[in-house]
Amino acid sequence: MAVNGSAKQVEHQVSDLDLKVNLSETLKEIPPPETLTFGQTMTDHMLISTFHPSTGWSDPEIKSYGPLSLDPASSCFQYSTNVFEGMKAYIGPDGKPRLFRPTLNMARMTRSAGRVALPPFDTDELLKLIKKLVQLESRWIPRTKGYSLYVRPTIIGSRATLSVGPSDHAILYVICSPTGPYFRTGHKPVSLLAVDEHVRSWPGGTGGYKLALNYAPTLMPQQLAAKLGYDQCLWLLGEDKRVTEVGAMNFFVVVKRDDGDLDVITPPLDGTILPGVTRDSTLALVAAHPSRTVLPNLPASTKLYAREHQLTMHELAELAQQDRLLEAFGVGTAAVVAGVGRIGFQGKDINLPPHESGLGPIGRALYDRIVDIQEGKFEWEGWSVVCDLE
C-alpha cells in the first residue's frame, strides 16, 4: 500500500492469480435453445469481488449463482451508482469458447465507472477472470447459429449511507445467461416512434456511458410507444430533432448517393451517443468493403461509404420522399442488427422499403459477417478472442 501525504492509495487490484473457485455441488439442467428468452435463464456460477477503501479489491471468487446481500442505504439503490457491460460468448469451429472484441467492453466499462466515481479496477485482470468464468460455463453456450452466452459484467456502489458522495465501497460481479435472438420474431422489421418530448440523453450528460441510470427513464416512453403500436422509440434531441439512438441500440441508415453509391450513416459520438462495440464494428466493416473484404452477398461493385453525420427527422423524411432512404437498422450486442420497417413522426409514418428477409441487403450482409466473425467462422482483425486459460 502506497502512502501519498496523509492519503492512502490502495494498490490491491482484482487479479486472476488470487482467484478462488468454489464449484456448485449440483448443476442446473440446461433448457432447449428454442425455449430461451433473453436474460431469463442464468448459469450455475458467478464471479464476484468486493472493494473496501482500506484494503482494495478482495480476492475474486467464482461461486454458485445466487443473491447478493446489501444494506438498504447502499448508494446503488439510492443514487444509481451502477455500471454494466454486455458481452457475448460463442463456441468456435475449434470447439473453444470465444468473446467478441472484449477489450472494447473493458475500456468502456472503466470509463463508465469513472464517470460515476466508482473505484478503479484492472481491466486486463478482469478480462482474464471473465475468460475463466466463460470456460467454466462453456456447456451453457448454445451451438445454434444466432445463439450465444450473454455475459454481464457489473459494478455497483455499496457505500451504506444516505449522504450524497462517491461510493468508496463497491461490488464487482459477472453473471452469464444463455440466449437466443433478442427479438423472438427473428428479423421481422421493427417499428419506431420518434420521441422528442422525452430525451434519452443530452449534451454534457451521461448518454455516452453505459450506466443503469440511462435506461430507467426510457421505460415509460417505451410503454407509450407500445400503446400506439410501435415496437421501440427513436430518441430525438434538440429543436432540430436530431436522431440519437433507437431503443438501446445505435442507429444507422443507408442512403443512395447522387453518384449511385451508398452512404451508411450513423450519428457521431458527441457525448449523447453510446460508443457501441457493434457500432464500431459496423463502421469498420463498411469502410473495408470492397477494398479489404467483400461483405456477404454484396457485389464488389457496390461501393459503401461509412459516415458519422448528424441526422434530423426532417432530413430522413426528405430522403424517404426522394426514394433515397434505402434501409434503416439498429445495431447492438443483444440484437446484432435489427431492421426498421417504419418510423412514426408527427402523426405520420415514414415507411422503409420492404425486404423479404426483414433486413435490407446492407443490414443482412453486416449481420451475417458480424455473426460469422463472432462464431469464429470468419477471421477478421483478431476480433474473435479465444478464451484460452493463461
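Residues numbered from 1 in each chain as written. Predicted model: local features only at pLDDT ≥ 70, side-chain atom pairs only at ≥ 80, totals over all residues. Heavy atoms only, no water.

As annotated in an unreviewed UniProt entry, the protein chain is Branched-chain-amino-acid aminotransferase from Somion occarium. Looking at the Sequence similarities (unreviewed entry) heading of the UniProt record, one finds this comment for the protein chain: "Belongs to the class-IV pyridoxal-phosphate-dependent aminotransferase family." (UniProt positions renumbered as here; feature names shortened; annotations may be inferred.)

> How do you make sense of the nonpolar core when you look at a structure like this?
Inside soluble globular proteins, nonpolar side chains tend to come together where they are buried. Ranked by internal contacts, the top residues of the largest apolar core, which has 34 residues, are Leu-126, Ile-130 and Ile-155. For this core, the secondary structure elements donating two or more residues are β4 (45-52), β8 (87-91), α2 (102-115), α3 (123-136), β10 (148-157) and β11 (170-179). The biggest single contributor to this core is α3, with 6 residues. Beyond its immediate stretch of four places on either side in the chain, Ile-130 contacts Leu-47, Met-87, Leu-99, Met-106, Val-151, Pro-153 and Val-174. (Core = buried A, V, L, I, M, F, W, Y, C linked by side-chain atoms within 4.5 Å. Buried < 20%, exposed > 50% of the residue type's maximum accessible area, 1.4 Å probe, protein only. Helix = DSSP H or I, 4+ residues; strand = E, 2+ residues; numbered from the N terminus. Contact = heavy atoms within 4.5 Å.)

> Looking at this structure, I do not really get the packing of helix α5 (residues 277-288) against helix α7 (residues 361-374). What am I missing?
The geometry of a pair of packed helices is captured by two quantities: the angle between their axes and the separation between those axes. Running from N to C, α5 and α7 point in directions that differ by 110 degrees, and their axes come no closer than 11 Å. In terms of their interaxial angle, α5 and α7 are classed as roughly perpendicular. Considering only the axes of α5 and α7, their crossing is right-handed. Mapping the contact onto sequence places Thr-278, Thr-282, Leu-285 and Val-286 in α5 and Leu-366, Arg-369, Ile-370 and Ile-373 in α7. For the contact of α5 with α7, the residue count by class is 5 nonpolar, 2 polar and 1 charged. (Axes fitted to C-alpha atoms, helices over the stretch in contact; angles between N-to-C directions. Parallel < 35°, antiparallel > 145°, perpendicular 65-115°, else oblique. Left-handed = near helix turned anticlockwise from the far one by under 90°. Nonpolar A, V, L, I, M, F, W, Y, C, P; charged D, E, K, R; others polar.)

> What should I look at first to understand the pattern of salt bridges in this one?
Taken as a whole, this structure holds 19 salt bridges when the rule is applied. Two residues, Arg-200 and Glu-245, come together in a salt bridge whose shortest N-O distance is 3.2 Å. Note that Arg-200 is positioned in the loop between β12 (190-195) and α4 (219-227) and Glu-245 in strand β14 (residues 242-246), a separation of 45 residues in sequence. For the pair Arg-200 and Glu-245, one class covers both residues: buried. Between Asp-368 and Arg-364 there is a salt bridge, with its nearest N and O atoms 3.3 Å apart. Of the two residues, Asp-368 and Arg-364 are both situated in helix α7; the distance of 4 residues between them amounts to about one turn of the helix. According to the relative accessible area criterion, Arg-364 is partly exposed, its value standing at 23%. Within the structure, one salt-bridge network assembled from shared partners comprises Arg-257, Asp-259, Asp-263 and Arg-307. (Salt bridge = Lys/Arg side-chain N within 4 Å of Asp/Glu carboxyl O.)

> Could you clarify how one ought to interpret unusual backbone geometry in this entry?
When glycine is set aside, most residues are seen to have a negative phi, and most peptide bonds are trans. In this chain, His-289 is followed by Pro-290 through a cis amide linkage whose omega measures 0 degrees. Tracing the sequence through the fold places Pro-290 in the loop between α5 and β17 (304-308). Look at Val-336: it is not a glycine, yet its phi comes out positive at around 65 degrees. In this structure, Glu-381 takes a positive phi of about 55 degrees despite not being glycine. Mapped onto the elements of the fold, Glu-381 is located in the loop between α7 and β21 (384-386). By relative accessible area, Glu-381 is classed as partly exposed at 49%.

> Please clarify how the packing of aromatic side chains should be interpreted in this entry.
The geometry of two aromatic rings is summed up by the distance between their centres and the angle between their planes. As enumerated under the stated definition, the model contains 6 aromatic pairs in all. Ring centres of Phe-51 and Trp-57 lie 5.1 Å apart, and the angle between their planes is 65 degrees; this geometry places the pair in the edge-to-face category. The exposure classification of Phe-51 matches that of Trp-57, with both residues buried. Geometrically, the ring pair formed by Phe-100 and Trp-383 is edge-to-face, given 6.0 Å between the ring centres and 85 degrees between the ring planes. Of this pair, Phe-100 sits in strand β9 (residues 97-100) while Trp-383 sits in the loop between α7 and β21; the two residues are 283 residues apart in sequence, bridging distant segments of the chain. Just above the ring of Phe-378 sits the side chain of Arg-369; from NZ or CZ to the centre is 3.8 Å. (Phe/Tyr/Trp six-rings, centres within 6.5 Å; stacked < 30°, edge-to-face > 60°. Lys NZ or Arg CZ within 6 Å of the ring centre and 35° of its normal.)

> What exactly am I supposed to notice about the side chain of Asp-44 here?
In this fold, Asp-44 is placed in the loop between β3 (20-21) and β4. We classify Asp-44 as buried; its relative accessible area is 4%. The contacts of Asp-44, once residues within four sequence positions are left out, are Ser-24, Thr-26, Leu-27, Lys-28, Lys-63, Ser-64, Tyr-65, Glu-137, Arg-139 and Trp-140.

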